Amino acid sequence: PEIFGTPRNTATISYGDLAELLATIFRHAGASPAVASLLAANCAGCERDGATSHGVFRIPGYLASIASGWVDARAEPRIESAEGAVVRVDAMNGFAQPALELVTPILIEKAANDGIALLSIRNSHHFSALWPDVEPLAEAGLLALTMVNSFACTVPFNGHSPVFGTNPIAFAAPRADAPPLVADLATSAMANGDVQIAFREGRSLPPGHGVDSAGRPTTDPAAVLNGGALLPFGGYKGSTISMMIEIFGAALTGGKFSFEVDWSTHSGAQTPHTGQVLIVISPDFGRRDSSFGRRVNGLVEQLRMSGVSRLPGDRRQVTRRRSLRDGIVMPLQQLEDLRRRADG
Ligand code: NDP
Ligand code: PYC
């Protein structure tokens, strides 16, 4: 069934009910119960927070990738080493989230004992937003930074063909008596998911975001998706950060570079098979006071005083509160089709 037609009506669903619905769909697709509930909570959380480029819109991509055999939704990640500050995990061609779930207690322990820990995940698929990976760590008092490379759809500055993925980077900083400060961004001018959404909704892209298959600037999402590419954000500076993310996500982890991801043998596959790095820091380690959270608050106050009305994460928090109070608003047809999939 067509899940993503133009919505005429909307419906509301609670976060808990949506997560349960999605877990059922993932289980029907062959995911293990553990993987199904992790992916479902993650995807429902994106929808709840208005992170729509990685919410329910992604379900067909997840299901097609699983059905093609490209990703193993029953994989159990294995810890390859946990010496010193570094934990290396083989996700066993599964999703990255179960690997992170497995080692989170180890990371927290290492950061408490040594001040810092680095998680290196390879052989993993990440098809979601990154803020769900760092926000809980900051809620537990840790400063967290993560990076993922994806699939070649971004042309490097001064290049003529795609090499980089949309390569997101996210960090979360704990604050005193306030929710953490969380920022999460693609290093391409926009996320590939937003290009797909613009295409479905018949909208043009802003100028300067993409090129067509001949490398000419275009605002047509179809031209970007069909043989064209995105540009990095911020010219050579964004391009350099994207290059860094390739090095962390692939060279450091032993995962694939974005340009090495090849779906041609698995029709329908969409999940990038690459790697992820996550660094956690115990922010007050080695000093007598516990001033970090208050220092972050001081920066936030200064930003507010300078007139900044919106900080990264503010919009998500507002949307989350509204969704938890009133329910998540979704196109009726989309919700009905999800229910059909769960019943089927
Ligand atoms: P956005 O450009 O929408 O937002 C980037 C960050 O900037 C967010 O933290 C956002 O906060 C904040 N922000 C946005 N607008 C403003 C503003 N006007 N003032 C202050 N802060 C602002 O994100 P992207 O489109 O770049 O990325 C979307 C998602 O896609 C991310 O979650 C990313 O992880 C994911 N992604 C995943 C990939 C993967 O391989 N798995 C690949 C690429 C992207 P807020 O959220 O509150 O709006
Ligand atoms: O939106 O760019 C994106 C993306 C790539 C992989 C998962 N999301």
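For the structure, check the block above.
Residues numbered from 1 in each chain as written. Chains lettered and ligands numbered in written order. Predicted model: local features only at pLDDT ≥ 70, side-chain atom pairs only at ≥ 80, totals over all residues. Heavy atoms only, no water.

> Just give me the short version of the site of ligand 1, but keep the residues and values in it.
Taken together, 22 residues are adjacent to ligand 1, and S128, D184, A186, R310 and R315 come closest. Interatomic distance of 2.8 Å between a backbone N/O atom of S128 and a nitrogen atom of ligand 1. With respect to ligand 1, the side chain of R310 contributes an N or O atom lying 2.9 Å from an oxygen atom. In the complex, the protein chains occlude 75% of the 910 Å² of accessible area that ligand 1 would expose alone. Among the elements of the structure, β7 (178-185) and α10 (314-326) are those that each provide at least two residues to the shell around ligand 1. Residues of the shell around ligand 1, tallied by class, amount to nine nonpolar, seven polar and six charged. Taken domain by domain, the makeup of the shell around ligand 1 includes at least three residues from each of domain 1 (1-67 + 313-344) and domain 2 (77-188 + 232-311). (Near = heavy atom within 4 Å. Polar contact = N/O pair within 3.5 Å; in protein donor to acceptor, adjacent residues only side chain to side chain. Areas by Shrake-Rupley, 256 points an atom, 1.4 Å probe, with all protein chains shown as cover. Helix = DSSP H or I, 4+ residues; strand = E, 2+ residues; numbered from the N terminus. Nonpolar A, V, L, I, M, F, W, Y, C, P; charged D, E, K, R; others polar. Domains from an automatic or database assignment.)

> Account for the site of ligand 2, with residues named and values stated.
All residues in the neighbourhood of ligand 2 are listed as H54, R58, F127, F151, T166, A191, N192, G193 and P272. The protein chains hide 93% of the 250 Å² of surface that ligand 2 would expose on its own. Residues of the shell around ligand 2, tallied by class, amount to four nonpolar, four polar and one charged.

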